[in-house]
Amino acid sequence: MYEKQPKFNTHSSYSFPSPTSFNHFRNRFNCLRNLSPISVFIRLVFKPILAMVIVMGVAVFLFWLIVHPNEVKFHVTDASLTQFNYTVDTLHYDLALEISVRNPNKRIGVYYDNFRVWALCQDARFDSEIVQPFYQGHKTTNMLNPVFKGQQVIALGVDQISELNREKSLKVYEIDVKLYLWVRYEMGTFKTTSTASWVSCHLHVPLTSRDGNSPAAGGFETTKCNWDHGWIASFYHTIPSNVHSGGCLRWCS
């Protein structure tokens, strides 16, 4: 009796690599082995990363070319200050602002998920106002009218009090307004995640009498506000504890 020999499928789709392929990989390996470590790093790591960076750069450039995004523009167009007295560590104030928010983009909408306006005197915050969340469409302008009125205990140093008295004699006060935003951007059906940003407005506000007359010449001038990206890294340490309690960076009501 003889054993049956196994039959081989001569029509199998699998094909062994040709000697030419083995020679190609062997030559490639020998070539890399003869190179210095720096050359090997450049060929195997640096070049692919460089190619990926170039592709991403071209994609970003094409996106900018098509969409041409611009920053939202903020201006304080009017300010009325009828009271601003600092006595015995207490500031008494009555300040009304008119702020224009302009979205100059043709294809990008903006969601303001959270929006708070802070008023500061001599780097000390004395009041804040919450703006209700809203959506801003393409190439539109929204007007905001925050009002700050009341009294607040703030501790000022000797130099700060001296500067405040100087402003009092001029009847023009330097007041900083900070806009703290959580915004999302929309392009078509695509929406970004919500991110935190600051906008700073440095105002010179003349004291106005109750009848609307200003003793300072010229009155209030429209002031452009600037995106203050440097604040983002430190805002968590500067806002009140009730704003970020429980690890939440959004303010509480």
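Quantities reported herein were computed from a predicted structural model and do not represent experimental measurements. (Residues numbered from 1 in each chain as written. Predicted model: local features only at pLDDT ≥ 70, side-chain atom pairs only at ≥ 80, totals over all residues. Heavy atoms only, no water.)

A. Focus on the state of the cysteines. Summed over all chains, the structure comprises one disulfide. A disulfide bridge connects C201 with C225, and the sulfur atoms are separated by 2.1 Å. One disulfide, between C201 and C225, carries an S-S torsion of 110 degrees and so falls in the right-handed class. With a gap of 24 residues between them, C201 in strand β10 (residues 195–206) and C225 in the loop between β11 (223–224) and β12 (226–227) connect regions that are remote in the sequence. With respect to class, C201 is no different from C225; both count as buried. (Disulfide = S-S within 2.5 Å. Helix = DSSP H or I, 4+ residues; strand = E, 2+ residues; numbered from the N terminus. Buried < 20%, exposed > 50% of the residue type's maximum accessible area, 1.4 Å probe, protein only.)

B. Molecular detail of the confidence of the model for the protein chain. In this model, the protein chain carries a mean pLDDT of 78, and residues with pLDDT of at least 70 account for 65%. In the predicted structure, residues 231–253 sits below a pLDDT of 50 and forms 41 contacts with residues beyond four places in sequence or in another chain. (pLDDT = per-residue confidence, 0-100. Contact = heavy atoms within 4.5 Å.)

C. Representation of the pattern of salt bridges. This structure, assessed with the given rule, holds four salt bridges. One salt bridge connects D113 with R184, and the closest N-O pair in it is separated by 2.7 Å. Here D113, found in strand β3 (residues 109–121), pairs with R184, found in strand β8 (residues 172–187); they are 71 residues apart in sequence, far enough to count as distant. With relative accessibility at 22%, the residue R184 sits in the partly exposed group. R166 serves as the salt-bridge partner of E163, at 2.6 Å between the closest nitrogen and oxygen. Placement of the pair is E163 and R166 together in helix α3 (residues 158–170), with a separation of three residues, close to one helical turn. The exposure class of R166 is partly exposed, given its relative accessible area of 38%. (Salt bridge = Lys/Arg side-chain N within 4 Å of Asp/Glu carboxyl O.)

D. Representation of a nonpolar patch on the surface in the model. Taken together, V45, I49, M52, V53 and M56 make up a surface patch of nonpolar side chains, about 450 Å² in accessible area. Checked against the element boundaries, M56 lands in helix α2 (residues 37–67). (Patch = residues over 30% accessible without salt bridge, like charges linked within 9 Å, V, L, I, M, F, W, Y side chains within 5 Å. Areas by Shrake-Rupley, 256 points an atom, 1.4 Å probe, with all protein chains shown as cover.)

E. Just the pairing of strand β4 (residues 124–131), in detail. By the bridge criterion, seven bridges tie β3 to β4 in an arrangement that is antiparallel. Residue pairing in the sheet places R116 in a bridge with I130 of β4. Where β3 folds back on β4, the antiparallel hairpin that results is connected by two residues, among which Q122 adopts a positive phi of roughly 50 degrees. (Pairing = 2+ DSSP bridges.)

F. Highlighting unusual backbone geometry. In the Ramachandran plot, Q122 falls in the positive-phi region, its phi being about 50 degrees despite a non-glycine side chain. Tracing the backbone through its elements, the reader meets Q122 in the loop between β3 and β4. Classification of Q122 by relative accessible area gives buried; the value is 17%. A positive phi angle, near 65 degrees, is found at D123, a position not held by glycine. Following the sequence through the fold, D123 ends up in the loop between β3 and β4.

G. Structural detail: the environment of T195. Turning to its location among the elements, T195 is positioned in strand β10. Residue classification places T195 among the partly exposed positions, given a relative accessible area of 38%. Taking the C-alpha atoms as reference points, T195 and Y185, separated by 10 residues in sequence, lie 9.6 Å from one another. Discounting residues that sit within four places of it in the chain, T195 has contacts with L181, W182 and V183.

H. View of the side chain of E167. In this structure, E167 sits in helix α3. In this view, E167 contacts Q122, V172, Y173 and E174; residues no more than four positions away in its chain are not counted.

I. Looking closely at the side chain of D127. Among the secondary structure elements, D127 is positioned in strand β4. Among buried Asp, Glu, Lys and Arg side chains, D127 stands out as unpaired, with R125 the closest opposite charge at 6.0 Å. Within the structure, D127 has its side chain in polar contact with the side chain of Y93 (distance 3.0 Å). If sequence neighbours within four positions are ignored, D127 has contacts with Y93, V117, W118, A119, F148 and K149. (Lys, Arg positive; Asp, Glu negative; His and termini not counted. Polar contact = N/O pair within 3.5 Å; in protein donor to acceptor, adjacent residues only side chain to side chain.)

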